[in-house]
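Understanding the architecture of this molecule
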Amino acid sequence: MALTGDFKETPFADLLQLYSISRQTVAVTVSTSSSAERPDGVFYFDSGDLVGAFLGGAMGREAVRRALRLRQGRFRVDPATKPPDTAEREQLRHIVLEELVKLDEEQRAEGRAARAASSNGATPANGAPPAPARAPTPPGAMAVPAAIAAARVSPPPVPAAAAVQTSVPPARAGAGAAGPAPNPGRGAPPPPPAAPPPARGTSASPGYGMWIAAGAVAAVLLGVIAWFALAQRSAKEPAAPAAHAAAAPGVRGVGATEIALGMVGSFSGSNKERGRAMRAGWETALAEANAAGGVNGRTLKLLALDDGYDPQRTAPAMKQLVEQQGVFAVVGNVGTATSAVAIPYATEKKLVFFGALSGADLLRKTPPDRYVFNFRASLSQEGAAAVRWLADVRRVPPERIAVLVQQDEFGESGWRGAARELEARGVKSGSILKVGYARNTADVREAIDALKAHTAAVDAVVMVATYKPAATFVRRTRDAGLKLVYACVSADSNGLAEELVESGVRYTQDVTLTQVVPVPTSRATAVMKYRAALERYAPGERPGSTTLEAWIGAQIFLEGLRRAGPDPDPDKLVAALETIRDWDMGVGTVISFGPQDHQGSRKVWGWRLQPDGGWQQIDLE
Amino acid sequence: MRIHRHAAAARCALAAAILAAPAAGRPQAGDAELTFGMCAPFTGAAKELGFGMKTGVEVAFAAQNDAGGVHGRKLRLVAVDDGYDPARTTVAMKDLVEGRKVFGLVGNVGTPTAAVAVPYANDRGALFFGAFTGASLLRNDPPDRFVFNFRASYAEETAAIVRYLVEVRRVAPASIAVFAQEDGFGDSGFDGVARAMRRYRRDPGKILRVGYRRNTADVDDAVKAIRRNAREVRAVVMVATYKPAARFIERIKDAGLDLTFTNVSFVGSNELGEELAQLGPRYPDGVMVTQVVPNPNSRATAIIRYRDELKRYAPGEKPGFVSLEGWVVARLLIEGLQRAGKQLTTDGVIEALEALKGLDLGIGVPLTFGPSEHQASHKVWGSVMDGKGQLSPLELE
């Protein structure tokens, strides 16, 4: 039974403390709900230690830093998830401490007035250890360094009691109010509070006020900091330097006759068709290349692991690919929230992260992440193209266009492009009807209820959704008698078509897709070659958007690998990919990379669903 | 060096993969001769267009043959009449590809006929080069492997003329009507108008569109509709062949309306000029035509060469826009054939064509093909008639 919460009620600092105290092994998944500042991420705790931190494309310190400042957004805690066995455990301990201190300093600067105003009379709202009934010590400059110093200098695995007693007092003396009662007998923190962090809301300083006796904002943080000095120490152990010993000779993943590539995809769950198709497309392309002798004398193999479109499972899968399977690069991963976790890891491991099935902005930074390369146009370019088509070609009044989004970074990326175009057409940013659903569900009831409330005002919907919720949304709105034009952003064409055609012909009308590839029935050179390869290496596989996107991505990757020469390594591959300029394989657009540009194509095509489940290309402009 | 080798290897692999597809019935080059086919109207209302294209291609072929041909092979053109009737195009294409085993098609004329010919050529893996049509069905995105165009599209032509009318002639977008053939040809031209109108924030659904049926010159309804809206309409963008176009202009002028008329290249400018001039000088005067080649009386390098060759190999034939287009199309094809090497295959020619970058024949625009770009030129020229139906250049920008 997963625990869920909101950062409005429970700041990340509280979560850190809670799991540190309770020594639980959990994964905390962060998801956005409706705004761009709320990124996706996952935090792993192993026996109370933070062992993995991923947020919005950042990992480690940056992820912790941002998480501590999240004021809104939902999280879910799953106790049973196996955390990735990352080597950063030791670093993270310091990072958490330092970041808590920084946050404390910031908040003290901001919150002096609040602190002065807050009363001393508040009491803990739950079963947290009672705080000493004394006036808060002004959280002095001395106290904090003492806490950190305690953590830093304390010797590795010492039977805790002594160390705690020598190192902790200065910290607690400074932090005073927030620290739980010492438990010298255990040398470890007391048992966890009976319930997750306390309810708040009545405090003058909404984050922290009520929960400490002294009511001082800073004091709570110092308490947390002190906790960390205490609680993490017993787990401290010498860093294990031998993590990569196995990969010592040569380049990881590059054998004498073979190069191993990895993929983490959704091969189960509600988005499994996409993962399956992505894998089929890449395997087809690699089989084709192998049949032609491979690349520079080596054949290619693909190791694909399932993460079920669940970011919590992405990090362990990535780790397994790199540390156990020893792959050279990761290609064709599926999903945005999962990429948020995979990219920082790939970057740290110098692993080229190529052609993920995600158009999200977090894969498209300026300047681009060194190891992250995309083939496809971005989701915001697709969202913008969908609005342009609806407004300019279909002549839907811009103020009558609503947007359905998956509530995470995937949805937000598409939303940004759609909203920008709508605003450019005079719609006020606050007045766009935006409805949503949660990732990995097809529960669009709330979205439809919201839409029904505005039914007289909506003629078209831009959908930034995966194929199952998209199909459900089309079915339900049609059943409810709403007459809408649908423009869905890059959903799997076969999955969407099958869902709708099965439901009946009337569900197929006015359903359009933006896609980053041309229709698979095209007579263009590259698409003909793709169909021939699919027929040969994946017989029975019906041509569709996802396999085509995968196959095209693979062609570009293979070209980069060819150019990287006979002894490729990740940095040579990056350099080689960056030499690809105006590369034209006959797909309707040239592919260009460069040191400042890691997105190969910006092109968006329009597809319209036919009653028989086929797709016809339409002109978006 | 390595990069080139790899690229070459990739291309070979690609060619091999595509060759491995339906190889049966694939056209092959003969030893002494290389035959191309052409389906075009040599009878009916659009026959001048067919004859113009045929003349242009034949002249260029003849000149090339006198200069030794292509890698020792003489070029030959077999032209078959389809009367601008798609039902006859199928038969004609089959006759050329299966009966006469032509290497490819060059300079076919017309959009409704291409709607039949293009799928057939694609299916047979036959090169379909330089058709005399700017319709979008020959301009898929990405482009069909076997279909190559020289000329700008109708949408590019009509968009250019709408820009000219609005920005240079200061005609309000709401005062522009469209007279278009009721088929894919008319639709392609209308698309360009609609696209240009969107730029001026005008709803394309509000554009007054009138028309006529293909292979007729029945313009009564169209004229009536324009007269009903005489107060708003100031200019008509025409997407028509020369006979109905001439009839339409005649009837509107006879009704006393002072409108600006513009036509797309397919109209056949010289034929339209002659038709209108016969009616009297006030009919052709000021009628505009967009062109996808420069004026055939230009003194540009390529155009001088075109006129010289025309004089030599088609004596008595007057220089014209259509035969110039046919000649340019053939020159471009010959460039591709020469670069494809002695072992001619369709895939080899396609690769050679796709490698043409910035080829400057001296016609005023460099020509570029690529795997994702099968239209060599995007340039649109303007021309305007005098009282004798003679065309002179018109600056569109």
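Residues numbered from 1 in each chain as written. Chains lettered and ligands numbered in written order. Predicted model: local features only at pLDDT ≥ 70, side-chain atom pairs only at ≥ 80, totals over all residues.

Turning next to the overall build of chain A. Looking only at helices and strands, one finds 17 helices and 18 strands in chain A. For chain A, buried positions account for 57% of its 621 residues. Of the contacts formed within chain A by residues at least 6 apart in sequence, a portion of 75% connects residues at least 24 apart. (Helix = DSSP H or I, 4+ residues; strand = E, 2+ residues; numbered from the N terminus. Buried ≥ 20, exposed ≤ 12 C-beta atoms within 10 Å, placed from the backbone. Contact = placed C-beta atoms within 7 Å.)

Across its full length, chain B carries 12 helices and 12 strands. Since a compact globule built from 397 residues should have a radius of gyration of about 21 Å, the 21 Å found for chain B is in line with a globular shape. The C-alpha extent of chain B, read off along each of the three principal axes, is 65 × 45 × 40 Å. Looking at chain B residue by residue over its 397 residues, the buried ones come to 54%. (Rg over C-alpha atoms; globule rule 2.2 N^0.38 Å.)

What follows concerns the interface of chain B and chain A. Reports often express the size of an interface as the amount of accessible area lost when the parts come together. Each side of the interface is counted separately: chain B has 21 residues, and chain A has 23 residues. When contributions to the side of chain B that touches chain A are tallied by element, the ones reaching two or more residues are α1 (2-19) and α6 (184-199) of chain B. When residues in the side of chain B that touches chain A are grouped by element, the largest group, six residues, is from α1(B).

The next point concerns the domain arrangement of chain B. Residue and element names in this part refer to chain B. What the domain assignment lists for chain B is domain 1 (24-152 + 298-366) and domain 2 (154-291 + 382-394). If you look at the interface, domain 1 gives 18 residues, while domain 2 gives 20 residues. Within the residue set of the side of domain 1 that touches domain 2, elements represented by two or more residues are α2 (47-66), α4 (111-124) and α11 (321-339). It is α4 that contributes the most residues to the side of domain 1 that touches domain 2, three residues altogether. Broken down by class, the residue content of the side of domain 1 that touches domain 2 amounts to 11 nonpolar, six polar and one charged. (Domains from an automatic or database assignment. Nonpolar A, V, L, I, M, F, W, Y, C, P; charged D, E, K, R; others polar.)

What follows concerns the pairing of strand β10 (residues 288-291) of chain B. Residues B:Met288 and B:Thr290 point to one face of β10(B) and B:Val289 and B:Gln291 to the other, with burial holding for every one of them. Considered for its hand, the β-α-β crossover made up of strand β9 (residues 260-263) of chain B, helix α9 (residues 269-279) of chain B and β10(B) is right-handed. (Right-handed = clockwise from strand over helix to strand, strands pointing away.)

In this section: helix α7 (residues 220-228) of chain B. Residue and element names in this part refer to chain B. Where α7 is concerned, the buried positions are Ala 222, Val 223 and Ile 226. Projected down its long axis, α7 shows its buried positions confined to an angular sector of 95 degrees, all on one face. For α7, the exposed residues lying more than 90 degrees away from the buried face are Asp 220, Asp 221 and Arg 228. (Arc of directions from axis to C-beta.)

For the rest of this paragraph, the subject is the domain arrangement of chain A. Residues and elements named next belong to chain A. Considered domain by domain, chain A is made up of domain 1 (3-235), domain 2 (258-377 + 524-601) and domain 3 (379-515). Broken down by secondary-structure element, the contributors of at least two residues to the side of domain 1 that touches domain 2 are β2 (26-31), β3 (41-46), β4 (49-55) and β5 (58-59). Broken down by class, the residue content of the side of domain 1 that touches domain 2 amounts to seven nonpolar, six polar and four charged.

Once that is clear, we can look at the sheet that holds strand β17 (residues 605-609) of chain A. All names here are of chain A. Pairing is mixed in the open sheet, where seven strands are placed in the order β13-β12-β14-β15-β16-β17-β18. At either margin of the open sheet sits one strand with a lone partner, and together these are β13 (434-437) and β18 (615-618). Between one strand and the next, the sheet's axes are offset by a mean angle of 25 degrees, whatever the strand orientation. Note that β17 and β18 share four bridges and pair antiparallel. Considered in β18, the bridge of Gly 606 is made with Ile 618. (Pairing = 2+ DSSP bridges. Axes fitted to C-alpha atoms, helices over the stretch in contact; angles between N-to-C directions.)

Turning our attention to the confidence of the model for chain A. Residues and elements named next belong to chain A. Put simply, chain A has an average pLDDT of 80, and 75% of its residues get 70 or more. Throughout residues 34-38 the model reports pLDDT below 50, and contacts reaching past four residues in sequence, or to other chains, amount to 10 contacts. Residue range residues 232-248 is modelled with pLDDT below 50. Its contacts to residues more than four positions away, or to other chains, number 23 contacts. (pLDDT = per-residue confidence, 0-100.)

Every buried residue belonging to helix α12 (residues 346-354) of chain B is among B:Thr346, B:Asp347, B:Val349, B:Ile350, B:Leu353 and B:Glu354, and all of these are buried. Each buried residue of α12(B) sits inside an arc of 160 degrees when the element is viewed along its axis, so together they form one side.

This part takes up the nonpolar core. Grouped together as the largest cluster of nonpolar side chains are 163 residues, with contacts concentrated most on A:Val330, A:Phe353, A:Leu404, A:Val462, A:Met463 and A:Val464. When neighbours within four sequence positions are excluded, A:Met463 is seen to be in contact with A:Leu404, A:Ala470, A:Phe473, A:Tyr486, A:Ala487, A:Cys488 and A:Val489. In this structure, B:Phe103, B:Ile161, B:Tyr283 and B:Val293 belong to the second largest nonpolar core, which totals 125 residues. (Core = buried A, V, L, I, M, F, W, Y, C linked by C-beta atoms within 7 Å.)

Looking now at the environment of A:Val334. Tracing the sequence through the fold places A:Val334 in the loop between β9 (329-331) and α9 (337-348). Those residues in contact with A:Val334 that sit more than four places away from it in its chain are A:Gly265, A:Ser266, A:Asn271, A:Arg274, A:Gly275, A:Met278, A:Tyr309 and A:Leu357.

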